Amino acid sequence: MYQFLKDFAGPTATIVAPIATIVAAIAAIVAAITAAMFVRRQTLTAEKQAETALDQLRYNLYEKRYAIYEDVQEFIKFLVNNPHKKDLIGPSDVIPHYLIIDEARFFFSDETCSWLDKLRDDCQSFIVAHASKAPLSSHEKTLVDHLAGIRARFQEELGFRQLTQHVRRSTK
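Residues numbered from 1 in each chain as written. Predicted model: local features only at pLDDT ≥ 70, side-chain atom pairs only at ≥ 80, totals over all residues. Heavy atoms only, no water.

S.K.: Explain the side chain of Q73 to me, please; I cannot follow it from the model alone.
M.R.: Relative to the helices and strands, Q73 resides in helix 1 (residues 2–81). Q73 has contacts with L147 and I150, leaving out every residue within four places of it along the chain. (Helix = DSSP H or I, 4+ residues; strand = E, 2+ residues; numbered from the N terminus. Contact = heavy atoms within 4.5 Å.)

Right, dumping it as structure tokens:
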């Protein structure tokens, strides 16, 4: 038996060695394909997480912008409706609104910020006229015009498409 095994050991090793090499190569290829599929899945997961984070940023920006819009609208309504009262408009009534208008610089375009600066100046003129008991009709009309145009002014930057707009990716 030993002689038999000794006679066929060389040819058997010659056949088995390449087969073992092929099997090892196939195993390495399968491992590489599995790793590539795993990496691809991780890449897709990372892309989805990035999209989700971007959507969250858009939503947060929308919320901040809408809060500013609502505050500006309420401020104008407060001023327009207040002259019928005898009370003076005090700093504590206006400073919080002015701070929000100033904060808008971080959330809106230069064009909208310029409009908000003009609005703040018009509000201040109205408050000064109200305090000095001067006629309010022209100042009040200016504020009413601002109030009437506020929706159109903010519409582009508060449009729902801002919230759902996706970033286009270049595919190479």
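S.K.: Looking at this structure, I do not really get the nonpolar core. What am I missing?
M.R.: The nonpolar side chains of a soluble globular protein tend to be buried with one another. By size, the foremost hydrophobic cluster in this structure holds 27 residues, and its most contacted members are V72, L79, L116, L119, L143 and F154. Contributions of two or more residues to this core are made by helix 1, helix 2 (91–103), helix 3 (110–131) and helix 4 (137–158). Top contributing element to this core by residue count: helix 3, with eight residues. In contact with L119, not counting residues within four places along its chain, are V72, I76, L143 and H146. (Core = buried A, V, L, I, M, F, W, Y, C linked by side-chain atoms within 4.5 Å. Buried < 20%, exposed > 50% of the residue type's maximum accessible area, 1.4 Å probe, protein only.)

S.K.: Would you mind going over the packing of aromatic side chains with me for this structure?
M.R.: Ring pairs (aromatic) are described by centroid distance and by the angle formed between their planes. The final tally for this structure, using the stated rule, is six aromatic pairs. Pairing Y66 with Y69 gives two aromatic rings, centres 5.5 Å apart and planes at 45 degrees, and the pair type is tilted. Of this pair, Y66 and Y69 both sit in helix 1, three residues apart, which is roughly one turn of that helix. Relative accessible area serves as the criterion here: at 33%, Y66 is assigned to the partly exposed category. Note on F108 and F154: the rings are 5.2 Å apart at their centroids and 85 degrees apart in plane angle, and the pair reads as edge-to-face. With F108 in the loop between helix 2 and helix 3 and F154 in helix 4, the pair connects residues that are 46 residues apart, well separated along the chain. Note on F108: relative accessible area 7%, which makes it buried. With relative accessibility at 1%, the residue F154 sits in the buried group. Three or more aromatic residues joined by ring pairs make a cluster, and in this case those are Y62, Y66, Y69, F108, W115 and F154. (Phe/Tyr/Trp six-rings, centres within 6.5 Å; stacked < 30°, edge-to-face > 60°.)

Fair warning: the whole summary comes from geometry, so function is off the table for now.
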